[in-house]
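# Understanding the architecture of this molecule
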Amino acid sequence: MFKKRIVEKLLPVVSLMVALLLTVFNAEGQTTGPADANFYPGAIWPDNNGVHINAHGGGILFQNGAYYWFGEHKIEGKKGNSAQVGIHCYSSKDLYHWKDEGIALKVSDDPKSDIARGSIIERPKVVYNSRTKQYVMWFHLELLGKGYGSALAGIATSSSVTGPYQYLKSFRANSGKMPFYPAGTPENDKANCSDTVTNANKFFCRDVSSGQMIRDMTVFVDDDGKAYHVFSSEENYTLQIAELNDEYTGYTGKFVRVYIGHQTEAQALFKRDGKYYMLGSGCTGWAPNAARWFTANSIWGPWTFHGNPCQGPGSELTFKGQSTYVLPVEGKKDAFIFMADLWKPENAIDGRYLWLPITFKGDEIRINWLDKWNLNLFDQQPHNSP
Ligand code: DGJ
């Protein structure tokens, strides 16, 4: 009787432990991460050590046959919203199973360093420069103790994809420069900072000499090898797209302002059949809001706003997530994964990842919620319809 009660009490605990072990170990006893080859948006995502992946606000680089995921390493509690450890890197061949490659860029113990522990280091994106053979990491940087007032980009480089990355410098964008206007831009749309400064141009004009603010950001490398920094600027009111130099370590001075005055964050770009697509979000701190998407036939615009690409229940809040990257799946046509963060600002380390397939209808994109899916979805028709 007594034994039976103990067994009854222990049974749920033992079952849970067995389930966890099955998740983490495969038949050969190796650690594997998730038990099957599926994505489970919003769920705990174990790495090869069975630990929830810690790479928030991230991006992915495909290099030498493997994917490398870089993101913000968060710790427990609200303190985890600032940089306490650095940028974490994981690698994968199949996108479901991720190997912990360690901290690619470490915060500094020197409180005077730009990347001091406790500074804010967000939305890292790593690109490979084939000219210099260097991996270049860009990130949004806020100096220690200054809240979100510094509004800088930081860069770090490494000759090895997983790092360690060496911090190089931080800066605002394109000081002393005026925007590039593609042919056909109406005169009224051009910022005139020496004459009447309009409301729409006031932060832009204020920052011409000191350089434009940089907050949420991404880096996009085009087919011709030219790279662009895309970021929320002008107190988050306006997007800017700025061309990078040949080394990807600074600007050429050519840039455009996009969707002026509409507060777009969380930029993610991709290109399909010669057309540029940009996804983003509104600006509501850590709280979710509706996603938005744009298209353009040239990186310089004009960019057309198309509203919310998400559909179905939860779509008005991007299923509680915020975009961070769009991943083109290697070897599959029209296969793009929308990567978003489900932030947990009260306990930052518990942030989750929402990866969902992008579906095309002609040139239009749609994102629908799925509890579980895998890459075979991209081979099924009608994933894309004309
Ligand atoms: C939303 C941004 O997208 C995040 O990267 C972060 O900066 C939070 N705001 C901070 O509130």
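Right, let's walk through the structure included here. Small disclaimer: the values here were computed from a predicted structure and weren't measured.

### Comments concerning the sheet that holds strand β4 (residues 99-106)
Taken in spatial order, the four strands line up as β1-β2-β3-β4 in an open sheet, and their pairing is antiparallel. Bordering the open sheet on either side are β1 (56-63) and β4, each of which pairs with just one other strand. Each neighbouring strand pair of the sheet contributes to a mean axis angle of 25 degrees, computed without reference to strand direction. When strand β3 (residues 86-92) meets β4, the two strands line up antiparallel, connected through six bridges. What sits directly across from G86, in β4, is K106.

### Some remarks on unusual backbone geometry
Along the chain, G163 connects to P164 via a cis peptide bond; the corresponding omega equals 5 degrees. For the bond from G301 to P302, the omega torsion is 5 degrees, close enough to zero to count as cis. Residues other than glycine seldom take positive phi values, yet N236 does so here, at roughly 75 degrees. Among the secondary structure elements, N236 is positioned in the loop between β10 (227-233) and β11 (238-244).

### Re the pairing of β10
With seven of its seven residues buried, β10 lies for the most part within the structure. Burial of β10 is two-sided: the residues A227, H229, F231 and S233 facing one way and the residues Y228, V230 and S232 facing the other way are all buried. Pairing of strand β9 (residues 217-221) with β10, which is carried by five bridges, proceeds in the antiparallel orientation. The residue bridging V219 from the neighbouring strand is H229, located in β10. Following β9, the chain reverses through five residues before pairing antiparallel with β10; G225 in that reversal takes a positive phi of roughly 85 degrees.

Thresholds, definitions, all that
Residues numbered from 1 in each chain as written. Predicted model: local features only at pLDDT ≥ 70, side-chain atom pairs only at ≥ 80, totals over all residues. Heavy atoms only, no water. Pairing = 2+ DSSP bridges. Helix = DSSP H or I, 4+ residues; strand = E, 2+ residues; numbered from the N terminus. Axes fitted to C-alpha atoms, helices over the stretch in contact; angles between N-to-C directions. Buried < 20%, exposed > 50% of the residue type's maximum accessible area, 1.4 Å probe, protein only.

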